[in-house]
Every structure is written in structure tokens, then in C-alpha cells.
Amino acid sequence: MVGEEDGMKNKVRIGVCVMEKKVKSGSEAFSGPMLQILERLEAFGEFEIVHFGDKVILEEPIQSWPICQCLIAFHSSGYPLERAEAYAALRKPFLVNELGQQRLLHDRRKVYERLEFYGIPVPRYALVNRESPNEELDYFIEEEDFVEVHGNRFWKPFVEKPIDGDDHSIMIYYPSSAGGGMKELFRKIGNRSSEFRPDVRRVRREGSYIYEEFMPTGGTDVKVYTVGPEYAHAEARKSPVVDGVVMRNPDGKEVRYPVLLTPAEKQMAREVFSAFGQAVCGFDLLRCDGRSYVCDVNGWSFVKNSHKYYDDAACVLRKMFLDAKAPHLSSTLPPTLPWKVNEPVQQSEGLTRQGSGIIGTFGQSEELRCVIAITRHGDRTPKQKVKLKVTEEKLLNLMLKYNGGRPRAETKLKSAIQLQDLLDATRILVPRVRPGRESDSEAEDIEHAEKLRQVKAVLEEGGHFSGIYRKVQLKPLKWVKVQKANGEGEEERPTEALMVLKYGGVLTHAGRKQAEELGRYFRNNMYPGEGTGLLRLHSTYRHDLKIYSSDEGRVQMSAAAFAKGLLDLEGQLTPILVSLVSKDSSMLDGLDNASIEIKEAKARLNEIITSGSKSVHNNSSREKPWMVDGAGLPPNASEVLPKLVKLTKKVTEQVRLLAIDEDEELAESSSYDVILPYDQAKALGKTHIDVDRIAAGLPCGEGFLLMFARWRKLERDLYNERKERFDITQIPDVYDSCKYDLLHNAHLNLEGLDELFKVAQLLADGVIPNEYGINAKQKLKIGSKIARRLLGKILIDLRNTREEAISVAELKSNQDNNIAVPAAKEETDYHSKAYGKIDGTRRASFTSDMSMDQDEDDDKEPKYRLDPKYANVKTPERHVRTRLYFTSESHIHSLMNVLRYCNLDESLQEEPSLVCDNALDRLYRTKELDYMSYIVFRLFENTEVALEDPKRFRIEMTFSRGADLSPLESNDSEAASLHQEHTLPIMGPERLQDVGSYLTLEMMEKMIRPFAMPAEDFPPPSIPQGFSGYFSKSAAVLERLVNLWPFHKHSSNSNGSSPRKSRSENHKNQAEETSYT
């Protein structure tokens, strides 16, 4: 007994002066990180742990508190910090966390001030201090898409934080171009950590707030835990800004994965320790544009559910305590940690090998390395355009208001304020009652009034304005000189302008459903494994995912819905869009580069159809009918055109009668009412079927007035009766409208619509493919011009993947030969340029014509590399790259035309097509690449083949023609069910190669390179308008050319052979390139 007392006297006493709820006991003992670490400290046999308890802390005088040499004390709800400070001043124990500075953590203003004082990067921010709720401040301005504080403008999306550090109600406000709305972040409640509120657009005014720039982190947050100045552990989790659903494991714990910190981030952890005097603390790290920022410091924090961390924390704290109060005792760790004897061994989890593909398995040694998918958007409403010449002074003044008063400058109206101004002016100009046609002389005036009425109806659709789907251009046409208002000279004034309103093209509920379903399909089928293979890969940060979209709203929302299905997310699309999707209009939008060739193709197409001429078929064309001019056109196209016009007139007349009834109802009610509340379904595309409208016999997605305007325009543009001339470019639009109404407006029972659909489909199946080239060579030329940038990006994606895989293979080979780089050197070089240079003179197929050097922006992409010391997986170096590109019909056709006809180029005529003959025949018969059609490239690596062997890397190509039209073409029960849902299923993938064929990456590069934009030609990406707060970060950081693993490699072989030349030496004569992953 005496021996035990002597032993206790020799031990260092550690006082635990915290609220009891912070140290779990009893049956929950083993679930508390605090208790896990304290038990390990006791196991060393050098410490006596004394728990003060709530009664002592709250009630007893500090003089009677237990006397301790070391003190663990930290603030929590109800904790008397002043009493703890008084005790520390009396007994002077060693403090793990300084007490006075803990007050700083409760005021976010002071936290940011402290961080900045120590030179620790924080997001760009501004303070709004109010002395009373709703106090108006002259330095604070709020507009629709930004707030301005002391002249500092923060574009949406931006973050709003209360200054009270204990208030966790943090808001993110989204721009109107993404649909608007707000997401509230809060402490986890069950499985939720945030909630999206689409109707909230104005910021809070009841208190003081910090406004800061939203940092795009790829949907990932990093939490750093420090134990002293030299130890920092980091874990990544799904960010609450994505969908607000907490990802949990089967035990109900939040899924977090340990990630590696860069040397710069480790230095930041040391600085946070110094700034706040908190040896044990946690802070939040945002990784964006290759830089890291601290956005919050939490005070005392421990990692949960990590035995390795508990071991490390106990060892670090032991050394801190002994150095402070028992320096005579050795702080050297024993060979075996005392608690390891009885601790159960944790079993490692395996990862299913990525081997088999859609085509077939090429051996167990083959692993999936890269998935690249190019996908068309989902089902949409028909795209519409209204053109009218305006002379009204109100409209001309509006044009001058928004173009800076320049009489000859064009104006674009997209924002809510601009469109509201236009609506106000239009409401005044539109007559309340539609005039009758008194005489032919008034025909133009009546048409003008009806177009203004159409503009008004479009602007009133859907309540709150969303710039994604409605935009107006005003182009001055005529000017006069008038006397200046001040009488000093003359100035120009516009007298006439062309107004062009573009609307429609809204993603329907069916389009959203299609995109989400396809995302799920990809998750379960493109990544071979056990069904959850992708989610496991992604959550362990071995999945490098990036999603790109064109500028069109329907494409952006398709991308967001696809991401929702792919990653099993929940909730609204706006937060997913802003968090995960980057816009790149220069790569995925527009036909300008091939406008001349497309015009020529359409002219030749018109000649073939209207003249009824037949192309001469030789023996070759009989075997390969896709090689003929105008392939796919029906032989009797010229005879079918009059029938198309007749049926179009028949449908239009029926819709006209329905529109008259609706217009009379509108005329009886006031058209000057306050604009309807924001309707998210209209702004971002439908989320559900319009059950109420269907029951009321109304059209889906638009009123009868706009539906009639759509059909009337088609009728007028399809055939000019005065000139007796057909416009074959209107055939796709007639087909588009037929398909939409047949799927979404079947309840209107429009007579003749079924027949019109069949006739329009027959013609459109021939017209649409030929608009991108009248023959194979023209298709190749047009395709290469439209998809040139996208093709270049695809090659860069594949090359990046290959180089990264080779780097990993070389590193493992070096490790196997005992020449691995020392860990300290590896860490030091993590962010150096040394690892950016790939050493070695491999085969020409691996070097290609493009330099692999990196520029100064190489490290801008956030990297979340799994920390193998803490990761409970067998293969932490396992890595798969996914690049998803969402675009329009033109880019899908263009890319496919290059793939199947690339061998027709003079430089490649000795080579076979990348697409096999069977697939060429299927493509010829496919005709339409419909909504959600896609092309997929998968890159596999055979790890049993030598690095220099071209067969090390294999490409697999598949495609899907997208939406299956059979429900519109048949009358069976399945068709009726799908019809009821207004949704068409997506066809599965089909091979573009013969079974058993082997397309090497080397051959793929050779065939595509002549049509792809070289890496050195990629200009610095422009920042799209509207998302300046987000896309100035995300889209501007387009991917780098080489995204290598952070490993430094020797510059010479292990066998002592001559030093290898670097890639930069091999390509020193080439122009410096812009890296682009």
C-alpha cells in the first residue's frame, strides 16, 4: 500500500478541468476520444489523472481544487472560464491550452484578425457591424447578385457568417444565373447538415455578419487537428454545401478519410497553434486554386474513431507533459506501446480490382484508370426566338439605359432588374384587348402588337426571373441627329432597333430524371466492382472527378442532376451545380468555327431534297452507304415536304383556337398585377409533372398563347407561300416540337400530331446528321472544327492519366529495388517543381508531340491524397480519373464524326477507322443522337505489361443514342406507362469496336491528334459572366497538363546508367505551354 502511494507521488498529476459531458464514462467510455487518450496516458505508468468534476468546477472555491502539475481545461457551454483562469494563476500548472485566448474563439472577427496578424491566409472577407437589429448602414449595399461592404463587392455565391463563433447558422447565397436561393449550414441534426431554401434571396439584417468569398473546393472540406506545434492530422469529408446529407458508415459514424497535408499547410497548423496558444485544437481548411485558407478555428478538438490518432495524440501529449514538469524522465517511447498488448488488431479493407469493362475482361492484371464521358443534355422544352423591329421610345430608352447611352451599341438584357424593366415597358405598350383585323393595311401593326404580347407572356412566365433561360438583345438599326439637351451641338439618337428574345430550352422534369438515372447507371456500371465501387473510390479521395458544362442552363442542370445520381447526393440542384460543375463555353458551346462549312452543307442539303435528285451509288457505297452524299435522306423527301406543311397547318389551327380562349380570359383580368412569387420549377426546369395543368386541360411548360406562337412560327418559316419555297432548316424544329407535344401534351389530343411526328421524324433523321456535313469528308472537316478544343482536352486527360500511372509504377518499382526516396525528402519536395518534370526517355509513343512540362499554375487544382498511415485500405495509391463533359447535340455529332471518319484524312489513309464496320453501320442506321446520348472512353492499364509496351494502355469506346423513342412509336402497356410519366428511357451503351479488339492509347493519339487543339494553343480560359464569384475560381482553374503524384524521382537509373534528360530539355525549342488537366 505504501509502495503504491510512493508510486503515485512520483507520478505527474494531470488535472482534467472540463465539464463532465466532455469526458464520456461508464458504458460509453470507449466511444469518447478524450477518454481513449487519457487511458493511454495512464497506461504509460508516469501519470496520475485527476478528474475535477462539475460540482468542483462550478461550486467549490478554487483553493480547494485538486493541485495538479499539468492542466487540461477548455471552454464549453456553461463553463466558468474565469474560475479556471484564477486557479491557473494560483497553482501555475502547465497549460495544454492557454485559457485567456480561448475567448478569442467566440468572436469570428477576432479569429480572422488574429489569423491575419500571423500571416495565415483567410478567404477575402468584410465585416458588417450593427449596433441594433435591422440598422441601416451607409457602407452596406445589397443588389440582386452581390453585396458591397465599404466598396468591396462580393458576387454570389458568397458566404454569410454571424460574428458569434457559437452561432453555427451560416448562409450561402447563390446567383440568379444558377437559379438563386440560399443554403443554410448548421450543426448536424440527424443526417442533415444544411438545408436549401430556394425562395430566400436577401441577406439577414438582424445582427452583425462577416461576408466572405465562396471558395470552390470540389465538394470537399478538410478538418485539421493539431496536438502541439509539430503534429497535425487532417481528415476530409463531404462538404455540407453540396447536398446537406451527412455521409455515414454502417455504424452510423460520419465518413471521413485521412488526407495528406502539404508542407505549407503543416506550417499553417504551427502558426494556428502559435496564434491562439491552443496545443490541442481543430481548424477548418479550404483548398482552392492550389492554395489553402483557414476559415474557422474551433478550439479543443479530437479526431473520432481513429486508434492510430489516439496513439499519436497520447505519445505527443506525454512528451509535452514530461518536458514541462518531469524533464528528468526520459520521453523516449518504449519499443511496444503499453496498451497494444490487448488491443484487437484492425483488419484492412480490400478494394475490388477494376478489371472488366463493358466489352469484356482482358485479364485480372488490367485496372481501370480513366473514364471520360461526353454527354448531351436531357429532355427540354423547344427552343424559341421572337424577332421584331421596335420604334417605341420606351424600348429605345431602355436600350440606351443599359448600353451606357451609346446609340449604336447593342444591349443584352439578362438580369432580373433588366428584364423587369423590359416587362414594365412592354405591359404599357401591349394593348389590353386584341384588335380585330379591320384591313390588310393594318396587318403589320397587328403582327407587331402580337409579338409584343408574346414578349410580355414570356417575361411573365415563372415569376422570378432566371437569366439561365431568358435573354433579350436590342440592336440599333437606324439613327438620327438631334440637338443636345444643353443646346451645345448635336448627338445621335436611335430611332429603330431589332429586339430578339430567346427563351425556352428549359430542362423538363423528364430531363432531370433522365440525367439522374444515367448518373446512377454510370455509378454502378462504368466502374466495375460491387455496385458501390465508385462511391467507395470517391469517398476515399482516390477518385479524381471533374465535371464541365457548356453555358446553356439546360446543360448545366443536366450536369448537376447527373452528378446527383453519380455520387448519390440528395436535395436541390443549385448547390450541386455551384459546388461541382465548372462552365467552359469555349470548349462545349457554339458553332462559329464551322459556320461557313455548315452553311454550305445546308445549301447542298436543300438542293438534294427540293430537287429530288438521287446520288449515284457505286459498289463501294452499296457496301458502305454512309459514304454517299446525303446519306440517310429518304428517297422521296421532296414529295413528303408538302405533307409536312399540311399537317403542320392542321396542328397550328387547333392550337390557335385554344389560344383564343385563353387570351380572352387574360384580357378580362388585370395584366398589371404584381409579378408572381418565385417559382423554382420554372426557373430551373420542372421537378415534377404538371398534374394540375394536365387535369385542367392546359399545356405543360407554357400557356396556349406561347404554344400557338411556337407552332405559328414553324408554319410560317417552314413554307413561304408567296415565294413557294420550303425552308428545310425548319424540319428539325418541327420534329422537336412534335416530339415535345407528343410526350408532354398528349392529353390535349391534337388531331394529326401522331402522323406529323412520323413524317417529321422521317425527314429529320436524314436532315439532322447531314447538317454537320453532307458526306463523310465534310463531316470530318466540320466535326474537327467544332470539337477541336474538346478533342484536345480529351487527349490531355488520357495523357495525364498515363503519366500519373507510369509515375506510380516507377515509384513502386524503385521501392521494390530499395531505392525509394527518403520520406523527409519526399515531403520536402511535395510542392516543388522537381516532381513536375518527368524524367526518362521513354518510347516516342509516351512522349508524343506535346511537352509535359508544368507551368507556375500546376498546383492550383485541389488535391485530396489519401494518407496511407491512417487509411484503412490496402491500396491507397489506387487512383481513377473521371472527366465528364456536358454539351449540346452539335458537339456529340461532331465528336462522333471525327471518331468514325478520322482515317479519311490524307495523313491517316493507310489506317483503319477507330470505329469498326459493324458500329459504322449501326451509327448509319441510328440517325438521331437524342437527349442524354453519350460517348465514353475508358482507359485500362495492364500492369503485367512493360511500361514501354504500347499495349500497357488500352482504350475502350462505347456510345449510346440516348432517349429511346419507342414509347412514342408504339401503343403497348410499357409505352403507356412511360407516356404517363412523360419520360423516355435511356438506351444502354453499344460498342464502337469489335469484341476482342485492342485499341492502344498510342494509336488513339495518332488518329485524333491531327484534329485536336494542341496543348500549347489552349488560351487562358475566360471567366464566364454571371458566376464571377464562383467561376473566377473554378472555370479559370482549368485542368493542368500533368497532374502527377507528389513524388520526387532520381534523375538517374539505379544501375548507374547515364542521367536521363528531362522533358523540358527534350522540348526546349517548343513554346511554353499552358497546362490543362
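Residues numbered from 1 in each chain as written. Predicted model: local features only at pLDDT ≥ 70, side-chain atom pairs only at ≥ 80, totals over all residues. Heavy atoms only, no water.

Visitor: Teacher, can you tell me more about the sheet that holds strand E18 (residues 291-299) here?
Guide: Within a beta sheet, neighbouring strands are joined by backbone hydrogen bonds and run either parallel or antiparallel to one another. Strand order in the open sheet made by the 5 strands is E16-E15-E14-E17-E18, with antiparallel pairing throughout. Two strands close off the open sheet at either side, each with one partner strand: strand E16 (257-259) and E18. With strand direction ignored, the average angle separating the axes of adjacent strands in the sheet is 35 degrees. As paired elements, strand E15 (residues 232-238) and E16 share 3 bridges and run antiparallel to each other. In the sheet register, Ala 234 faces E16, and the bridge partner there is Val 259. Where helix H7 (residues 307-325) meets the sheet, it contacts strand E14 (220-227), E15 and strand E17 (280-288), and its direction lies at approximately 35 degrees from that of E14. (Pairing = 2+ DSSP bridges. Helix = DSSP H or I, 4+ residues; strand = E, 2+ residues; numbered from the N terminus. Axes fitted to C-alpha atoms, helices over the stretch in contact; angles between N-to-C directions. Contact = heavy atoms within 4.5 Å.)

Visitor: Please clarify how the sheet that holds strand E7 (residues 146-149) should be interpreted in this entry.
Guide: The sheet built from 3 strands is open, its strands ordered E6-E7-E8 with antiparallel pairing. Unpaired on one side and paired on the other, strand E6 (140-142) and strand E8 (152-155) mark the two borders of the sheet. Here the strands of the sheet are splayed against their neighbours by 15 degrees on average, with no regard to which way each runs. Here 3 bridges tie E6 to E7, and the two strands are oriented antiparallel to one another. Paired with Glu 142 across the bridge in E7 is Val 147.

Visitor: Got a minute to help me understand empty space enclosed by the protein in this structure?
Guide: If you walk through the whole model with that rule in mind, you get 8 cavities of 30 Å³ or more. A volume near 190 Å³ is recorded for the second largest cavity. Every residue lining the second largest cavity is counted, 16 residues in all, and those nearest its centre are Pro 769, Lys 779, Arg 900, Leu 923 and Tyr 924. Mapped onto the lining of the second largest cavity, the elements with two or more residues apiece are helix H23 (753-771), helix H28 (889-901) and helix H29 (917-926). It is H28 that provides the largest number of residues to the lining of the second largest cavity, a total of 4 residues. Considering only residue class, the lining of the second largest cavity consists of 8 nonpolar, 4 polar and 4 charged. (1 Å grid on protein atoms, 1.4 Å probe; cavity = no way out; pocket = protein on both sides within 12 Å on 5 of 7 lines; lining within 4 Å. Points joined across faces, edges and corners; volume = space filled by probe spheres on them. Nonpolar A, V, L, I, M, F, W, Y, C, P; charged D, E, K, R; others polar.)

Visitor: For this particular structure, what's the right way to read the environment of Glu 771?
Guide: For Glu 771, the position within the fold is in helix H23. For Glu 771, a relative accessible area of 9% gives the class buried. With 122 residues separating them in the primary sequence, Glu 771 and His 893 have C-alpha atoms 9.9 Å apart. Dropping the residues within four chain positions of it, Glu 771 is found in contact with Ile 598, Ala 601, Lys 602, Leu 605, Thr 729 and Pro 732. (Buried < 20%, exposed > 50% of the residue type's maximum accessible area, 1.4 Å probe, protein only.)

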